[in-house]
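Understanding the architecture of this molecule
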Amino acid sequence: MVTLANRVKVETSTTGTGTITLGSAVDGFQTFSDADVSTGDTVRYVIEDCDYWEIGSGVFNSGAGTMTRVVLQSSNSGSLLNLSGSAIVFLTVIAEDLNDTLDYGLVTGAVTLTDDYGGLV
């Protein structure tokens, strides 16, 4: 299962194609740890490095401040980016995560949606 977290966006000075050392949060955002992502949690990430991008699945290690990388899609023909040392990493949800949770069954009749507090949505 993938761990979700809000407003996580950090800098990385990592170069190459290996494990990323996560840096400081971008202004207005928070770090993985600030967002309660724990060691061993699997996350979906996007890396932006100049005009290049990578979408993948990673495992966070809070003690080392690192994240592993398994690329799912990239502007590098589906391969890991060779990072320049000035990239941005942020957490996201990818389409496959949502498709796995949606039920495309037919719903007939009246449907009422409520929020967690009993109010109508």
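Residues numbered from 1 in each chain as written. Predicted model: local features only at pLDDT ≥ 70, side-chain atom pairs only at ≥ 80, totals over all residues. Heavy atoms only, no water.

**A look at the overall build of the protein chain**
- Counting secondary structure elements, the protein chain contains one helix and nine strands.
- When its helices and strands are written in sequence order, the protein chain yields β-β-β-β-β-β-β-β-β-α.
- Expressed as a percentage of the 121 residues in the protein chain, the buried residues total 31%.
- Partitioning the contacts of the protein chain with sequence separation of at least 6, the portion at a separation of at least 24 is 51%.
- If you sum the accessible surface of the protein chain, you get close to 7,600 Å²; carbon and sulfur atoms cover 50% of it. (Helix = DSSP H or I, 4+ residues; strand = E, 2+ residues; numbered from the N terminus. Buried < 20%, exposed > 50% of the residue type's maximum accessible area, 1.4 Å probe, protein only. Contact = heavy atoms within 4.5 Å. Areas by Shrake-Rupley, 256 points an atom, 1.4 Å probe, with all protein chains shown as cover.)

**A word on the side chain of Asp97**
- Within the secondary structure, Asp97 sits in helix H1 (residues 95-101).
- A polar contact is formed between the side chain of Asp97 and the side chain of Arg44, at a distance of 2.8 Å. (Polar contact = N/O pair within 3.5 Å; in protein donor to acceptor, adjacent residues only side chain to side chain.)

**A short note on a nonpolar patch on the surface**
- A grouping of Leu4, Val93 and Leu98 is seen on the molecular surface, where their side chains present a nonpolar patch of about 280 Å² in accessible area.
- In this fold, Val93 is placed in the loop between strand S9 (87-91) and H1. (Patch = residues over 30% accessible without salt bridge, like charges linked within 9 Å, V, L, I, M, F, W, Y side chains within 5 Å. Salt bridge = Lys/Arg side-chain N within 4 Å of Asp/Glu carboxyl O.)

**Side note on the nonpolar core**
- Formed by 18 residues in total, the largest nonpolar core has its most connected members in Leu22, Phe32, Val37, Ile47, Met67, Val89 and Leu91.
- Looking at this core, the elements with two or more residues in it are strand S4 (42-49) and S9.
- Setting aside its immediate chain neighbours within four residues, Val37 contacts Ala5, Phe32, Val43, Phe60 and Leu91. (Core = buried A, V, L, I, M, F, W, Y, C linked by side-chain atoms within 4.5 Å.)

**With respect to the packing of aromatic side chains**
- Across all of its chains, the model carries one aromatic pair by this definition.
- Over the face of the ring belonging to Phe29 we find Arg7, whose NZ or CZ atom lies 4.2 Å from the ring centre.
- Stacked on the ring of Phe90, the Lys or Arg Lys9 has its end atom at 5.9 Å from the ring centre. (Phe/Tyr/Trp six-rings, centres within 6.5 Å; stacked < 30°, edge-to-face > 60°. Lys NZ or Arg CZ within 6 Å of the ring centre and 35° of its normal.)

**Concerning the side chain of Asp41**
- The residue Asp41 is located in the loop between strand S3 (20-21) and S4 in this model.
- For the buried Asp41, no salt bridge is present, and the opposite-charge side chain at shortest range is Arg44, 13 Å distant.
- Setting aside residues no more than four positions away along its own chain, Asp41 makes contact with Thr3, Asp36, Gly58, Val59 and Phe60. (Lys, Arg positive; Asp, Glu negative; His and termini not counted.)

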